[in-house]
Amino acid sequence: MIKKITTLFLSAVLAITAFSQNIKSGDIVITPGIGIGPLKLGMSESEAYNVLKGDITWMDYKEKMKVFKSYGDHFSIDSITQFVLGFDSCAAYNNKLPNGLPVFALYFSAHKLNYIMVTSYSAPKALIKKVVLKNGIRFYSSMAGCMAKMKTKYLAIRYDDYDGDHIYYKEGLEFT
């Protein structure tokens, strides 16, 4: 059942001040279960690359597993959404994010995009201000505002002393 869930990952330092919650013209909208802007879940590797372009690094499942294991006991693979969903390959923008979308990584299963990692790290602030969930949550929204919109039906993942990872499986979202 979990593998049927498609997930978008909204990675942010959600520690956080409020922007306008309304979707505006020119915004980059994340629609859970669909995608972000022109990047859609279900796209092939070449379709996704044609949307993003840029300098991308590819890893297969085994290589990505080694990377996560190298972090030591900080993470449990059974709590990492992309491992729960399953994937065959991962494409990451390790050096520079693609132009126009703050996408850090893409995960594919059977050559279909099933997990998109959107990030505020290393993305221009002007671009980050344009990213909005369909329900109005933006990067840097207050945690209280996020909780009011998302409710409390999430799985909280803890590692070390960090407790800011909330997975909303039914909505297909993960906030860090």
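Residues numbered from 1 in each chain as written. Predicted model: local features only at pLDDT ≥ 70, side-chain atom pairs only at ≥ 80, totals over all residues. Heavy atoms only, no water.

**Here we look at the side chain of serine 89**
Point 1. Locating serine 89 in the fold gives a position in strand S6 (residues 89-92).
Point 2. Here serine 89 is in contact with Glu45, Trp58, Met59, Asp60, Leu106, Tyr107 and Phe108, once residues within four sequence places are set aside. (Helix = DSSP H or I, 4+ residues; strand = E, 2+ residues; numbered from the N terminus. Contact = heavy atoms within 4.5 Å.)

**Some points on the nonpolar core**
Point 1. Judged by nonpolar contacts, the single largest core of 28 residues is most densely connected at Ile36, Leu39, Val103, Leu106 and Ile116.
Point 2. Counting residues per element, the ones that place at least two in this core are strand S2 (28-31), helix H1 (45-52), strand S7 (103-109), strand S8 (112-119), helix H4 (125-128), strand S9 (131-133) and helix H5 (143-150).
Point 3. Of all hydrophobic cores here, the second largest spans 12 residues; its members include Met65, Cys90, Tyr107 and Met117. (Core = buried A, V, L, I, M, F, W, Y, C linked by side-chain atoms within 4.5 Å. Buried < 20%, exposed > 50% of the residue type's maximum accessible area, 1.4 Å probe, protein only.)

**Side note on unusual backbone geometry**
Point 1. At alanine 110, a residue that is not glycine, the phi angle is positive and equals roughly 50°.
Point 2. Examined against the element boundaries, alanine 110 turns out to sit in the loop between S7 and S8.
Point 3. We note that serine 122 has phi near 60°; this positive angle belongs to a residue other than glycine.
Point 4. In this fold, serine 122 is placed in the loop between S8 and H4.

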